[in-house]
Amino acid sequence: MKMKIFSFFSFSKCFSFSSSEVTAEDAGRGEQILKNIIDAFSYHELKIATNGFCSSNKIGEGGFGSVYKGKLQDGSVVAVKVLSVESKQGDREFMSEIASMANSSHENLVRLRGGCVDGPFRILVYDYMENNSLFQTVLGEEKSRAKFNWIRRREVALGIARALAHIHEEIKPHIVHRDIKASNILLDHNFNPKISDFGLSKLFPDNVTHITTCVAGTLGYLAPEYAVTGHLTRKADVYSFGVLLLEIICGRTSIDFDIKIGEYYLVEKAWQMYNSNELLHLVDPVLNGVLFEKEATRLLKVGLLCVQEKPNIRPRMSTAIEMMKGEINIDDVQISRPGLITDIMHLKVGQKRRSSRSMMTRKRSSQLYAL
């Protein structure tokens with residue numbers, strides 16, 4: 001069954017689609033029009049697939065709803081994302097996610113298989129990822145981290161970088177994800193990374209270099225210029241990737257705790273170690289020295305280049321990939337100090353909207369500082 005253009009909110013059917021058959025228009029205003037919607041998922045079908053959205057099938061939960069593991073009639077295992085009926089941002093996230101994912105096809109992006117709009121229900125159906133997220137593995141307990149040797153960590157980092165280069169530079173309109181973090185990087189059965197959760201994403205037509213918007217994201221990954229001014233560019237994702245790259249190599253979260261110094265920011269710690277020529281001391285100790293030291297140093301430097309305070313000197317993602325692979329020599333590249341956001345009290349947020357489901361609050365004296 002094929003259907004022509006529908007206004008999203010008047011459309012009360014369920015759907016599945018291939019990326020080549022759906023386009024999104026007018027996404028800058030948060031409006032959505034879909035074309036050529038085919039092969040509907042019914043609410044009843046998804047309810048059966050998830051055992052009635054049983055709590056034992058729940059594999060994730062956030063401010064916009066819950067994610068359930070499901071099994072379709074054809075035997076395929078899927079992740080079913082049910083947006084909260086109570087969430088005022090549910091429709092916005094739903095539209096943003098479809099607008100971004102409909103035209104995106106890449107081996108390091110989670111594949112959107114379809115979805116459902118039925119009365120108050122907004123549901124998205126994705127491929128199921130067997131090995132959870134980076135947050136639960138690379139940043140988890142020592143036993144989980146030990147599964148990720150140096151080569152696997154390098155390939156995970158490169159896969160994420162390739163996906164970002166794809167949405168930033170290769171597809172049109174370009175996409176800024178706005179919430180790149182460890183819990184949004186899922187891992188398939190071969191531990192290939194897949195970027196997920198495009199609910200906060202923004203589309204950038206060719207003639208648009210930036211937009212000004214309410215801040216959304218996660219403290220620890222937020223680019224400081226975006227957090228303070230709401231001025232969003234693709235370099236905000238580059239900053240978040242830089243933080244994530246440091247996490248993957250170090251096995252530590254962006255905001256971590258040390259028994260001697262207490263809570264600290266990984267970006268701050270990396271900058272200090274760089275200045276004291278001790279970057280390798282940051283590498284996750286579970287690797288037991290079994291790594292390529294020169295390569296590890298190079299990737300840590302790329303991470304620091306991506307989190308530099310001034311967004312215009314951060315590399316594009318395609319350039320970051322060349323740096324990570326050693327195709328661009330960065331041995332003598334001067335790295336400028338990173339910027340760091342530490343307090344959300346004065347972030348650019350709407351009067352009626354808080355910045356994000358992911359935003360974490362904490363008290364610090366400074367709002368923004370350069371290290």
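Residues numbered from 1 in each chain as written. Predicted model: local features only at pLDDT ≥ 70, side-chain atom pairs only at ≥ 80, totals over all residues. Heavy atoms only, no water.

- As recorded in an unreviewed UniProt entry, the protein chain goes by Protein kinase superfamily protein and comes from Melia azedarach.

1. Quick notes on the overall build of the protein chain
Then, number 1: A count of helices and strands for the protein chain gives 9 helices and 20 strands.
Then, number 2: Residue burial in the protein chain is summarised as follows: out of 371 residues, 55% are buried.
Then, number 3: Counting only contacts in the protein chain whose residues sit at least 6 apart along the sequence, the fraction spanning at least 24 positions is 67%. (Helix = DSSP H or I, 4+ residues; strand = E, 2+ residues; numbered from the N terminus. Buried < 20%, exposed > 50% of the residue type's maximum accessible area, 1.4 Å probe, protein only. Contact = heavy atoms within 4.5 Å.)

2. A word on helix α7 (residues 266-275)
Then, number 1: Among the residues making up α7, those that are buried are Leu-266, Val-267, Ala-270, Trp-271 and Met-273. The buried residues of α7 occupy an angular sector of 165° when projected down its axis, which confines them to one face.
Then, number 2: On its buried face, α7 sits against α6 (234-250), β18 (262-265), α8 (293-306) and β19 (339-341).
Then, number 3: The first or second residue beyond α7 is Asn-277, which carries a positive phi of 60°. (Arc of directions from axis to C-beta.)

3. Observations regarding the pattern of salt bridges
Where charged atoms from two side chains of opposite charge approach closely, those side chains can pair.
Then, number 1: What the rule picks out here adds up to 14 salt bridges.
Then, number 2: Residue Asp-197 pairs with Lys-81 through a salt bridge whose shortest N-O separation is 3.3 Å. You can see Asp-197 sitting in the loop between β13 (193-195) and β14 (202-204) and its partner Lys-81 sitting in strand β8 (residues 77-83), a full 116 residues away along the chain.
Then, number 3: Residue class for Lys-81 comes out buried when judged on its relative accessible area of 11%.
Then, number 4: As a salt-bridge pair, Arg-298 and Glu-295 come within 3.9 Å of each other at their nearest N and O atoms. Taken together, the residues span about one helical turn, with Arg-298 and Glu-295 both in helix α8 at a distance of 3 residues. Taken as a pair, Arg-298 and Glu-295 share a single burial class, namely buried. (Salt bridge = Lys/Arg side-chain N within 4 Å of Asp/Glu carboxyl O.)

4. Things to note about the side chain of Asn-57
Then, number 1: Positionally, Asn-57 belongs in the loop between α1 (43-49) and β6 (58-62).
Then, number 2: Looking at Asn-57, its side chain comes within polar contact range of the side chain of Ser-56, at 3.5 Å.
Then, number 3: With sequence-adjacent residues up to four places away left out, Asn-57 is seen in contact with Ala-49, Thr-50, Asn-51, Val-67, Tyr-68 and Lys-69. (Polar contact = N/O pair within 3.5 Å; in protein donor to acceptor, adjacent residues only side chain to side chain.)

5. A look at the environment of Leu-300
Then, number 1: Within the element layout of this structure, Leu-300 appears in helix α8.
Then, number 2: Under the relative-accessibility criterion, Leu-300 is labelled buried at 0%.
Then, number 3: Non-local contacts of Leu-300, meaning those with residues more than four positions away in its chain, are made with Leu-246, Ile-249, Cys-250, Leu-279 and Val-283.

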